[in-house]
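Take a look at the letters that make up each chain.
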Amino acid sequence: MSIVAQKSLSINFICKKPTGFLCLVKNSLKIENEDDKLETVNGKDDATEYRILTIEKAINFIPLNLGKMFPELSTLKVKKSLIKSVTKENLRGLQTLTELDLPENNITNLPENVFEELVLLQKLSLDRNHISNLELNIFAKNIDLEEISLSFNNLYFIHEKTFVNLINLKHL
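Throughout what follows, the structure given in this document is the object of discussion. Nothing here was measured: the structure is a model prediction, and the numbers come from that model. (Residues numbered from 1 in each chain as written. Predicted model: local features only at pLDDT ≥ 70, side-chain atom pairs only at ≥ 80, totals over all residues. Heavy atoms only, no water.)

### Observations regarding the environment of Leu124
- Note that Leu124 resides in strand 8 (residues 123–125).
- Taking the relative accessible area as the measure of exposure, Leu124 reaches 1% and is therefore buried.
- Here the alpha-carbon distance between Leu124 and Leu102, two residues 22 residues apart in the chain, equals 8.0 Å.
- Apart from residues lying up to four places away in sequence, Leu124 is in contact with Leu100, Phe115, Phe139, Leu145, Glu147, Ile148 and Ser149. (Helix = DSSP H or I, 4+ residues; strand = E, 2+ residues; numbered from the N terminus. Buried < 20%, exposed > 50% of the residue type's maximum accessible area, 1.4 Å probe, protein only. Contact = heavy atoms within 4.5 Å.)

### Details of the packing of aromatic side chains
- Applying the stated criterion across every chain yields a total of two aromatic pairs.
- Plain terms: the ring middles of Phe115 and Phe139 are 5.9 Å apart, the flat faces sit at 5° to each other, and that makes the pair stacked. In this pair, Phe115 is assigned in the loop between strand 7 (99–101) and strand 8 and Phe139 in the loop between strand 9 (133–134) and strand 10 (147–149), connecting sequence segments 24 residues apart. One exposure class covers both Phe115 and Phe139, and it is buried.
- For the pair Phe139 and Phe163, a centre-to-centre distance of 5.9 Å together with 20° between the ring planes defines the contact as stacked. A residue pair is termed long-range when its members are at least 10 positions apart, and Phe139 in the loop between strand 9 and strand 10 and Phe163 in the segment after strand 11 (157–158) qualify at 24 residues.
- Grouping aromatic residues by their ring pairs yields a cluster made of Phe115, Phe139 and Phe163. (Phe/Tyr/Trp six-rings, centres within 6.5 Å; stacked < 30°, edge-to-face > 60°.)

Coordinates in, geometry out; function isn't part of it.
Encoded structure:
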């Protein structure tokens with residue numbers, strides 16, 4: 001895998017289409033700047049055929065342009081990384097996501113409406129982070145959410161109406 005850091009990233013890794021449209025990044029992915037953008041995957045400017053992206057490498061930020069590079073992505077998993085924050089910009093263009101899995105990071109807060117573009121989101125895992133509060137409109141547009149996992153966080157404030165729109169929520 002090769003990476004060009006600073007504003008744009010170019011990555012080469014093995015993605016296996018026959019095995020569930022899965023891309024697994026385990027090697028030297030280096031994302032240090034909040035505005036790093038993913039520009040090419042295996043020399044292409046999009047990876048339309050991939051549905052699942054798993055990053056098992058210490059990165060500081062979710063790269064921008066994931067939605068552009070993986071327009072049909074249904075599952076994004078970034079585990080055991082150094083992500084401190086998630087922004088609307090990081091998730092822009094990922095409206096096809098049904099599962100977002102960000103356990104064992106260093107996420108401390110989630111801005112209001114951070115997940116608003118993820119209208120198809122059904123499963124959200126934020127276990128083992130450092131999240132301290134959940135604001136009123138954090139899940140306002142995520143009415144399809146069925147499962148939210150927030151175990152082992154530092155939650156001390158949850159707005160009383162945080163989950164009011166989640167009519168399909170089965171597990172919290």
